[in-house]
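Understanding the architecture of this molecule
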Amino acid sequence: KEEIIRKYNKYLDEKRIELNIERNTQKEILIENLITVEECIKIIQNRGMNFWDKRVDQSDFLIVRIGYGNELFNARIEYPEEGFTIDEDALKKEADKMVQEFKYIENVPIGYSFYDNIVTAVMGNIHKSASFVSNVILQLITFYSYEDLKLVVFTKESNEENWDYIKYLNHNFT
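Let me sum up the structure you'll find in this document. In this text, all values refer to a predicted model and were calculated from it rather than measured experimentally.

What to know about the overall build of the chain
Helix and strand content of the chain: five helices and two strands. Taken from the N to the C terminus, the helices and strands of the chain come in the order α-α-β-α-β-α-α. The C-alpha radius of gyration computed for the chain amounts to 23 Å, which surpasses the reference 16 Å derived for 174 residues by more than 25%, pointing to a less compact arrangement than a globule. Principal-axis analysis of the C-alpha atoms gives the chain an extent of 75 × 35 × 25 Å. Residue burial in the chain is summarised as follows: out of 174 residues, 29% are buried. Taking the intrachain contacts of the chain between residues at least 6 apart in sequence as the baseline, contacts between residues at least 24 apart amount to 80%. For the chain, the exposed area adds up to about 12600 Å²; of that, 52% sits on carbon and sulfur atoms.

A look at empty space enclosed by the protein
Rolled over the atoms, a probe with the dimensions of a water molecule shows which regions are left empty. This structure, assessed with the given rule, holds one cavity of 30 Å³ or more. Within this model, the largest cavity holds a volume of roughly 50 Å³. Contributing elements (two or more residues each) for the lining of the largest cavity: β1 (63-72) and α4 (126-143). When grouped by side-chain class, the residues that make up the lining of the largest cavity number six nonpolar, two polar and two charged.

A short note on the layout of surface pockets
Within this model, the largest pocket holds a volume of roughly 860 Å³. Taken together, 28 residues make up the lining of the largest pocket; nearest its centre are Phe114, Thr120, Val122, Val133 and Val152. Counting residues per element, the lining of the largest pocket draws most heavily on α4, at eight residues. Looking at the lining of the largest pocket residue by residue, the class counts come to 22 nonpolar, five polar and one charged. Here the second largest pocket is characterised by a volume of approximately 270 Å³.

Points about the side chain of Gln26
Relative to the assigned elements, Gln26 resides in helix α1 (residues 2-33). Residue Gln26 is classed as buried on the basis of its relative accessible area, which comes to 12%. At 2.9 Å, the side chain of Gln26 and the backbone oxygen of Asn74 are in polar contact. In this view, Gln26 contacts Phe73, Asn74 and Ile105; residues no more than four positions away in its chain are not counted.

Definitions and limits used
Residues numbered from 1 in each chain as written. Predicted model: local features only at pLDDT ≥ 70, side-chain atom pairs only at ≥ 80, totals over all residues. Heavy atoms only, no water. Helix = DSSP H or I, 4+ residues; strand = E, 2+ residues; numbered from the N terminus. Rg over C-alpha atoms; globule rule 2.2 N^0.38 Å. Buried < 20%, exposed > 50% of the residue type's maximum accessible area, 1.4 Å probe, protein only. Contact = heavy atoms within 4.5 Å. Areas by Shrake-Rupley, 256 points an atom, 1.4 Å probe, with all protein chains shown as cover. 1 Å grid on protein atoms, 1.4 Å probe; cavity = no way out; pocket = protein on both sides within 12 Å on 5 of 7 lines; lining within 4 Å. Points joined across faces, edges and corners; volume = space filled by probe spheres on them. Nonpolar A, V, L, I, M, F, W, Y, C, P; charged D, E, K, R; others polar. Polar contact = N/O pair within 3.5 Å; in protein donor to acceptor, adjacent residues only side chain to side chain.

Honestly, it's all geometry; don't read function into it.
Here's what the structure looks like:
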């Protein structure tokens, strides 16, 4: 019985290493794909290699960075949840603990898909909301050409000055 427990714990340790590698890979991809607004500005100013390089047929079409936090780990971890005996209950608890440990990728950029969420509302303080939406627009115009992305703004006259700059963008739909 002790041999079984030792072997199972060794197996879990090996799986933990594999999951850590995969989680780190996913974290690197998120950091690389969901860059900061400052990095977008540099790309535009320097006409970087990735300026207007995203296309409609890519899986991350219209995904923008909206913040930083914990993202669900994209991995399916399976193990038998039933069939453990009372003696093996500690092994099941150890497996449950590992599954919970790998539920999230911590401290990564959080993406939001405007493709999956066709209608999106941003509510709150006008200055914070306008700043947030401007940051989203900056990301979009960094990666998508005016052929793939058109911007249309509907606003009250009193808010028009917040969006006046959009009429000067190639992405403006007039």
